[in-house]
Amino acid sequence: MKKEEMKITELYDLTHTLASDYLKQFTYPWEALADLSDFIIELGNSLDPEEYEKRGENIWVHKTAKVFDSAYLHGPVIVGKDAEVRHCAFIRGALIGEGAVVGNSTELKNVILFDKVQVPHYNYVGDSILGYKSHMGAGSITSNVKSDKLLVEIHAEDGKIKTGRKKIGAMLGDNVEVGCGSILNPGSIIGRGTNIYPLSSVRGGVDANSIYKKQGEVAKKEESCFASESQIPIFTGSLH
């Protein structure tokens, strides 16, 4: 994956998030993480109180959203229309899009979930942006800090990008499928429509419309992988 393919405009359809205008300010998605909390607060204060209920300091929940009593929300948090936050979810700083699902015991921290994202089963998503209809299989996580605690660098085919940030998780393009039990290492960038095999350890960038089997073994998708746009191929190992 080249630097050009890591740009916000290449990864995301910005019509599917309330963060559209905010993200348009940046070239690369991880650049939006630094001031994300301030943006969520500013956006929350602008929301229509007829549609959103304020449930605490800097916490806004759409009146059609379902938030289980056992879920913990620590502002700033916005839960969008028809979203679902399930049993024992732990959220601290998140913009959760329309129709998104945050599952049992899933943890979110400093993230944007586009509309219809699913992180439904025991996931950790930190310092990350997940594109429209992306899905993380059971137990898959984003690792957001390097083991040596050094600043994260983004590795592209045409060179490295210094981010100046210690914490960056993963940037998932639209319609990405992450298989069960996978680890997305700090600074992983996954192109649109790509599928990650279960139990994968992903580093660096993965091209759009690919099938990631393991490091160094990435296949280009063929149209026959999908019978229709709504189907999910069986090789993802995803749990719904």
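Residues numbered from 1 in each chain as written. Predicted model: local features only at pLDDT ≥ 70, side-chain atom pairs only at ≥ 80, totals over all residues. Heavy atoms only, no water.

A. Local environment of the packing of aromatic side chains. A full pass over the atoms with the stated rule returns five aromatic pairs. Their ring planes at 10° and their centres at 4.3 Å tell us that Y22 and F39 sit as a pair that is stacked. Remark: F39 occurs in helix α3 (residues 36-46) and Y22 occurs in helix α2 (residues 20-23); sequence separation between them is 17 residues. Residue Y22 shares its accessibility class with F39, and that shared class is buried. Their ring planes at 5° and their centres at 4.7 Å tell us that Y28 and W30 sit as a pair that is stacked. Just as Y28 is buried, W30 falls in that class too. (Phe/Tyr/Trp six-rings, centres within 6.5 Å; stacked < 30°, edge-to-face > 60°. Helix = DSSP H or I, 4+ residues; strand = E, 2+ residues; numbered from the N terminus. Buried < 20%, exposed > 50% of the residue type's maximum accessible area, 1.4 Å probe, protein only.)

B. Representation of the pattern of salt bridges within the structure. As enumerated under the stated definition, the model contains 12 salt bridges in all. Residues participating in the shared-partner salt-bridge network are K109, D127 and R165. (Salt bridge = Lys/Arg side-chain N within 4 Å of Asp/Glu carboxyl O.)

C. Representation of unusual backbone geometry within the structure. Residue P76 is reached from G75 by a cis peptide bond, and omega for that bond is 5°. Position of P76 relative to the elements: it lies in strand β4 (residues 72-79). Positive phi outside glycine occurs at K149, with the angle close to 65°. Tracing the backbone through its elements, the reader meets K149 in the loop between β13 (141-142) and β14 (153-156).

D. Representation of the environment of I211 in the model. If you trace the backbone, I211 turns up in strand β23 (residues 210-214). The exposure class of I211 is buried, given its relative accessible area of 9%. For the pair I211 and V67, spaced 144 residues apart in sequence, the C-alpha to C-alpha distance is 34 Å.

E. Region of interest: the pairing of β14. Only one face of β14 is covered, namely the one carrying I154 and A156; the face carrying E153 and H155 has none of its residues buried. Pairing of β14 with strand β15 (residues 159-162), which is carried by four bridges, proceeds in the antiparallel orientation. Its bridge partner being in β15, E153 is matched across the sheet by K162. Counted between consecutive antiparallel strands, the loop separating β14 from β15 contains two residues. (Pairing = 2+ DSSP bridges.)

F. Expanded view of the nonpolar core. L23, W30, L73, V79, V85, I96 and L108 are the most contacted members of the largest nonpolar core, which has 67 residues in total. Those residues within four positions of V85 in sequence are excluded, and the remaining contacts are K66, V67, F68, A71, L73, V79, I91, I96 and V102. (Core = buried A, V, L, I, M, F, W, Y, C linked by side-chain atoms within 4.5 Å. Contact = heavy atoms within 4.5 Å.)

G. The arrangement of α3 in detail. Inspection of α3 places L36, F39, I40, L43 and G44 among the buried residues, and these make up the whole buried set. Viewed end-on, α3 has its buried residues packed into an arc of 130°, placing them on one side of the element. The exposed residues of α3 that point more than 90 degrees off its buried face are D38, E42, N45 and S46. (Arc of directions from axis to C-beta.)

H. Region of interest: the confidence of the model for the protein chain. Within the protein chain, residue pLDDT values average 93, and 92% of them lie at 70 or more. Between residues 225-240, whose pLDDT stays under 50, and residues either more than four places distant or in other chains, the model counts 34 contacts. (pLDDT = per-residue confidence, 0-100.)

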